[in-house]
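Breakdown of the fold
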Protein chains: 2
Amino acid sequence: MTCYRLAYRDRRHVYIVPEARVMKPFQLARRQVLTGLAMPRAVSSQTINASRTWQRAFSASAAAASTLPGLDASKLTVTKTTTPKELMDSKDLVFGKNFTDHMLSVEWTATDGWHTPRIIPYQNLSLDPSTCVFHYAFECFEGMKAYKDDNGGIRLFRPNKNMERLNKSSARIALPTVDGDALTKIIGELVKLDSRFIPAERGYSLYLRPTMIGTQKTLGVGPPGSALLFVIASPVGPYYPTGFKAISLEATDYAVRAWPGGVGDKKLGANYAPCILPQLEAASRGFQQNLWLFGEEEYVTEVGTMNLFIALKNKETGQKELITAPLDGTILEGVTRDSVLTLARERLGPKGWNISERKIKMSEVAEASEEGRMIEVFGAGTAAIVSPVRNISYRGKMVECGLKEDQEAGEIALQMKNWIEGIQYGDEQNPWSVVI
Amino acid sequence: MTCYRLAYRDRRHVYIVPEARVMKPFQLARRQVLTGLAMPRAVSSQTINASRTWQRAFSASAAAASTLPGLDASKLTVTKTTTPKELMDSKDLVFGKNFTDHMLSVEWTATDGWHTPRIIPYQNLSLDPSTCVFHYAFECFEGMKAYKDDNGGIRLFRPNKNMERLNKSSARIALPTVDGDALTKIIGELVKLDSRFIPAERGYSLYLRPTMIGTQKTLGVGPPGSALLFVIASPVGPYYPTGFKAISLEATDYAVRAWPGGVGDKKLGANYAPCILPQLEAASRGFQQNLWLFGEEEYVTEVGTMNLFIALKNKETGQKELITAPLDGTILEGVTRDSVLTLARERLGPKGWNISERKIKMSEVAEASEEGRMIEVFGAGTAAIVSPVRNISYRGKMVECGLKEDQEAGEIALQMKNWIEGIQYGDEQNPWSVVI
């Protein structure tokens, strides 16, 4: 498998290229494909010289492309709503269903770069039916949250990680990249403007959804010549309002979420719609989520829309081990995943835990359960932080995951939730929590 | 690998399920997920009986679901534009950039089924920014064409194949299915209303783009409770206005388009955006398209957005063989692919050709070229019908594909184009061509 690396052309444009390949002038290819120059109707063996000429022309335009304006936070304009919404009772909040008064909107074009960022009243998007987002899934997004601390301050959690991932996602589908610091700044302005929507209670927050879509109006399949970056905000309650409830998973072996050389590690819309049917299959048998296995070895990858952590006693060494799948291109690079790993190395490592990013087969998980070596299993994601797993249905058997009958969460999951929440709400001073 | 099969619940609802599995009540699962009933926050080992009760409840609702209205062509309403467009010069047409006066629009909701179909003036879609099509790629489409015959009649080419595939695509991402005959009928009405946009010249046609998108306004990841089916129409010219131009391909080994257990055989938006970057890579080195290889064996799968056909002399038997990749779940089920196969079996088979749907390694293709056994290679798709291939860049070498230096198309490609075009324009009477 080839790994991708990020290749920066300039501060505003980032592209991914296969590791160990010479950087190719994607930006120019984009422009020439759009103008019809890049795709000569035919390249016969006689046209190799012509092709070289074309590549030289390409390099010239690349220099021009780098002068395109980036996102300029200082130019932000704000148009306030004239019909502010009534606040809902916190207890009635449903994830991602109710939104604040305003949204952030920034257009991009291949000719002019990023346009003026605008905060505007929350409103419908009006798009031509030929717009490429409707046909070819030119869309990627992020999920992040703003929290109110005990002093009334508003905090984001590791926003730089979201910005980094957004750029990896957009570059992978030929959408533009964006200055993450500038975007974080204007997201902060949106959050401050709509701060009355953030419930002050612990466990509540404002879910933020930065989204980038291709807006070119053509059915030709090519890199979009225009895009829209928008951010909407939805007040949300705790995932487990009455305390943890351990979930049951169904291991999925008949459908595959991601593949080496694919895009499973990016937060693309394309990774989500195809996952619903296996999810419905699992739901029809009473399971909350499905667990994606990969390959003949049935490696454990992800659960539903979360990364998965498995705590067990290692068969060989007897040492306690916290395991999650390595970032091999098929695993979403979760911010919570990274936070759990970092905290585990820092706080569990000294207590004798081995923290492993490694492949683990479902049969190994089942074996650990049978041999009494299973400690606990939990999902990790922005929505729930951690989501304890009671058992996994696998090949017609239930693999118990270490919880006692009356227990809804293991010790590690509980600790992780408390540690991460403590940072998110500013109880613990930590550079991960950014006051805006 | 598990194969999927289509399982019809009733005439309006079709779902795909893994082969050899008992049909599961997806429709009810969908409704219960939407209402929050299907996903109990926790299913502990004690709640298995409750889960069974829930499945009974499901079956009851399934009966109710089957009474949802299907698409009723007789209810079609037509609102004509008051600002008809000026016709463009046929020579200035660019694929998928200019559209006719009208569009078809049909809404679907999980509670009310298919609503009244409407032909309306071509217009923007107005959608809430939280609409699931923007975030999770709930979108699928078809590509088909309407042709004017010499008698002024208007014809569609195998529309039933497009309808069949649309339903396979939509069902795979938990969008509704639709009565294909009813949809073909109202598409016909749209085409007739906008028939002045269809150029009468040979090679020209009206490209039709049926598209289905999820329209539920929520960031929760689940089956959409509402959808929009729309059809837009774009007059298009011949792919090769001045005769065939053989293309050069670059074999892509670092990125993978589709995989077993994935969705590469469906016409989902999700399959397209991730393909642009490898396409740009190939373009940056002067190739018109990339050729997707799969697996360690480097099996030849598809080229850019077309199926691929390889004509060679079989190494063992010496027999002439026309090969395309089998429908193993990673190959788009192209209508042109099927047409080429059918015509080849009917018209080339008696002339000694062996027509094969089989896996072929890129190394076998290179070997055939080196040994002088290569006859010709061509892509097949709705846009170009056939697209002759001059050579393929593979592991730093150019694999020549049987064309002479001054030759832009092989004999089989030429014949196929003539045969298929003859049917499409009604020169040859054939049930594939449907007069509307």
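Residues numbered from 1 in each chain as written. Chains lettered and ligands numbered in written order. Predicted model: local features only at pLDDT ≥ 70, side-chain atom pairs only at ≥ 80, totals over all residues. Heavy atoms only, no water.

Helix and strand counts for chain A stand at nine helices and 22 strands. Burial analysis of chain A (436 residues in total) assigns 61% to the buried set. Put simply, 69% of the contacts in chain A that link residues at least 6 apart link residues at least 24 apart. Carbon and sulfur atoms make up 49% of the accessible area of chain A, which amounts to about 16,500 Å² in all. (Helix = DSSP H or I, 4+ residues; strand = E, 2+ residues; numbered from the N terminus. Buried < 20%, exposed > 50% of the residue type's maximum accessible area, 1.4 Å probe, protein only. Contact = heavy atoms within 4.5 Å. Areas by Shrake-Rupley, 256 points an atom, 1.4 Å probe, with all protein chains shown as cover.)

Turning our attention to the UniProt feature "modified residue: N6-(pyridoxal phosphate)lysine" (unreviewed entry) in chain A. Residues and elements named next belong to chain A. Taking the numbering used here, the UniProt-annotated feature "modified residue: N6-(pyridoxal phosphate)lysine" (unreviewed entry) corresponds to Lys 267. Tracing the chain through its elements places Lys 267 in the loop between strand 13 (247–252) and helix 6 (276–284). You can call Lys 267 buried: its relative accessible area is 11%. The contact partners of Lys 267, leaving out residues within four places of it in the chain, are Cys 140, Phe 141, Glu 142, Gly 143, Arg 165, Ser 169, Tyr 272 and Leu 332. (UniProt positions renumbered as here; feature names shortened; annotations may be inferred.)

All names here are of chain A. The element strand 13 is extensively covered by neighbouring structure, given that six of its six residues are classed as buried. Bridging between strand 13 and strand 20 (residues 385–394) involves four bridges; their strand directions are parallel. Paired with Glu 250 across the two strands is Ser 393, which belongs to strand 20. For strand 13 and strand 14 (residues 289–294), the ladder comprises four bridges, and the chain directions are parallel. Across the sheet, residue Ala 251 finds its bridge partner in strand 14, namely Leu 291. With respect to chirality, the unit in which strand 13 leads through helix 6 into the neighbouring parallel strand 14 is right-handed. (Pairing = 2+ DSSP bridges. Right-handed = clockwise from strand over helix to strand, strands pointing away.)

Now for the domain arrangement of chain A. Residue and element names in this part refer to chain A. You can read the domains of chain A as domain 1 (73–236) and domain 2 (247–435). Taking the mean C-alpha position of each, domain 1 and domain 2 sit 28 Å from one another. Taken together, the 30 residues of domain 1 in the interface contact 27 residues of domain 2. Among the residues domain 1 hides against domain 2, the three largest losses belong to Arg 155, Phe 157 and Arg 158. Together they make up 26% of the total. Taken together, domain 1 and domain 2 are joined by three salt bridges. Note that Arg 158 is salt-bridged to Asp 338, the shortest N-O span being 2.8 Å. Our count for the domain 1 to domain 2 interface comes out at 16 residue pairs in polar contact (both at pLDDT 80 or more). The set of elements that each furnish at least two residues to the side of domain 1 that touches domain 2 consists of strand 8 (139–141), strand 9 (144–148), strand 10 (154–157), helix 4 (159–172) and strand 11 (205–214). It is helix 4 that provides the largest number of residues to the side of domain 1 that touches domain 2, a total of seven residues. (Domains from an automatic or database assignment. Buried area = accessible area lost by both parts, 1.4 Å probe. Salt bridge = Lys/Arg side-chain N within 4 Å of Asp/Glu carboxyl O. Polar contact = N/O pair within 3.5 Å; in protein donor to acceptor, adjacent residues only side chain to side chain.)

Next up on the list: the nonpolar core. For soluble globular proteins, nonpolar side chains are generally found buried alongside one another. Ranked by size, the top nonpolar core spans 126 residues in total, and within it Phe 134 and Leu 183 of chain A together with Phe 134 and Leu 183 of chain B carry the most contacts. Setting aside residues no more than four positions away along its own chain, Leu 183 of chain B makes contact with Leu 71, Leu 104, Met 163, Leu 166, Val 178 and Leu 229 of chain B. (Core = buried A, V, L, I, M, F, W, Y, C linked by side-chain atoms within 4.5 Å.)

All names here are of chain A. If you trace the backbone, Arg 337 turns up in helix 7 (residues 335–348). For Arg 337, a relative accessible area of 2% corresponds to the buried category. Excluding residues within four positions of it along the chain, Arg 337 makes contact with Asn 307, Phe 309, Thr 324, Ala 325, Pro 326, Leu 327, Ile 331, Leu 332 and Glu 357.

With that settled, consider the pattern of salt bridges. Residues and elements named next belong to chain A. Applying the stated criterion across every chain, the model contains 54 salt bridges over all chains. We note a salt bridge from Arg 395 to Glu 298, for which the minimum N-O separation is 3.2 Å. Highlighted residues: Arg 395 in the loop between strand 20 and strand 21 (397–400) and Glu 298 in the loop between strand 14 and strand 15 (299–303), separated in sequence by 97 residues. Judged by relative accessible area, Glu 298 falls into the buried class, the value being 10%.

Moving on to the packing of aromatic side chains. Tallied over the full model, the rule gives 26 aromatic pairs over all chains. Taken together, a centroid distance of 6.3 Å and an interplanar angle of 10° make the contact between Trp 259 of chain A and Trp 259 of chain B stacked. With Trp 259 of chain A in the loop between strand 13 and helix 6 and Trp 259 of chain B in the loop between strand 13 (247–252) and helix 6 (276–284), this residue pair bridges two chains. Accessibility expressed as a relative area gives 11% for Trp 259 of chain B, which makes it buried. (Phe/Tyr/Trp six-rings, centres within 6.5 Å; stacked < 30°, edge-to-face > 60°.)

Let us now look at the packing of helix 4 (residues 159–172) of chain B against helix 5 (residues 180–193) of chain B. Residues and elements named next belong to chain B. Two elements in contact, helix 4 and helix 5, have axes whose closest approach is 9 Å; the angle formed by their N-to-C orientations is 125°. Viewed along their axes, helix 4 and helix 5 adopt a mutual orientation that is oblique. In this structure, helix 4 crosses over helix 5, and the sense of that crossing is right-handed. From helix 4, Pro 159, Met 163 and Leu 166 reach across to helix 5, where they touch Gly 180, Leu 183, Thr 184 and Ile 187. Of the residues contributing to the contact of helix 4 with helix 5, the split by class is five nonpolar, two polar and no charged. (Axes fitted to C-alpha atoms, helices over the stretch in contact; angles between N-to-C directions. Parallel < 35°, antiparallel > 145°, perpendicular 65-115°, else oblique. Left-handed = near helix turned anticlockwise from the far one by under 90°. Nonpolar A, V, L, I, M, F, W, Y, C, P; charged D, E, K, R; others polar.)

Right, let's talk about empty space enclosed by the protein for a bit. Evaluation of the coordinates by the stated rule reveals 11 cavities of 30 Å³ or more. Every residue lining the largest cavity is counted, 25 residues in all, and those nearest its centre are Ala 270 of chain A together with Trp 259, Val 263, Ala 270 and Asn 271 of chain B. Grouping the constituent residues of the lining of the largest cavity by class yields 15 nonpolar, six polar and four charged. (1 Å grid on protein atoms, 1.4 Å probe; cavity = no way out; pocket = protein on both sides within 12 Å on 5 of 7 lines; lining within 4 Å. Points joined across faces, edges and corners; volume = space filled by probe spheres on them.)

So, about the side chain of Asp 265 of chain A. Residues and elements named next belong to chain A. Inspection of the secondary structure assignment puts Asp 265 in the loop between strand 13 and helix 6. For Asp 265, a relative accessible area of 10% gives the class buried. A distance of 2.8 Å separates the side chain of Asp 265 from the side chain of Lys 266, its partner in a polar contact. The contacts of Asp 265, once residues within four sequence positions are left out, are Gly 329, Thr 330, Ile 331, Leu 332 and Glu 333.

Here we come to the environment of Asn 430 of chain A. Residues and elements named next belong to chain A. Structurally, Asn 430 is set in the loop between helix 9 (411–424) and strand 22 (433–435). Sequence separation between Asn 430 and Phe 157 is 273 residues; the distance between their C-alpha atoms is 9.9 Å. Those residues in contact with Asn 430 that lie beyond four places of it in its chain are Arg 347 and Ile 423. A polar contact of 2.9 Å, which involves the side chain of Asn 430, links it to the backbone nitrogen of Trp 432.

On to the confidence of the model for chain A. Residues and elements named next belong to chain A. With 85% of its residues at a pLDDT of at least 70, chain A reaches an overall mean of 87. With pLDDT under 50 throughout, residues 1–65 is counted as low confidence; its partners more than four residues away or in other chains account for 155 contacts. Scored by ipTM, the complex comes to 0.88, with pTM at 0.87. (pLDDT = per-residue confidence, 0-100.)

This paragraph deals with the pairing of strand 21 of chain A. When a strand is regular, its side chains alternate between the sheet's two faces. Residue and element names in this part refer to chain A. Pairing of strand 20 with strand 21 involves four bridges; the strand directions are antiparallel. Bridging across to strand 21, Tyr 394 finds its partner in Lys 397. The antiparallel pairing of strand 20 with strand 21 creates a hairpin that spans two residues between the two strands, and Arg 395 there sits at a positive phi of about 50°.

Moving on, we get to the packing of helix 7 (residues 335–348) of chain B against helix 9 (residues 411–424) of chain B. Residues and elements named next belong to chain B. At a minimum axis distance of 11 Å, the contact between helix 7 and helix 9 shows a crossing angle of 105°. Between helix 7 and helix 9, the angle falls in the class roughly perpendicular. Two secondary-structure elements touch here, helix 7 through Thr 336, Ser 339, Val 340, Leu 343, Ala 344, Arg 347 and Leu 348 and helix 9 through Ile 412, Gln 415, Met 416, Trp 419, Ile 420 and Ile 423.

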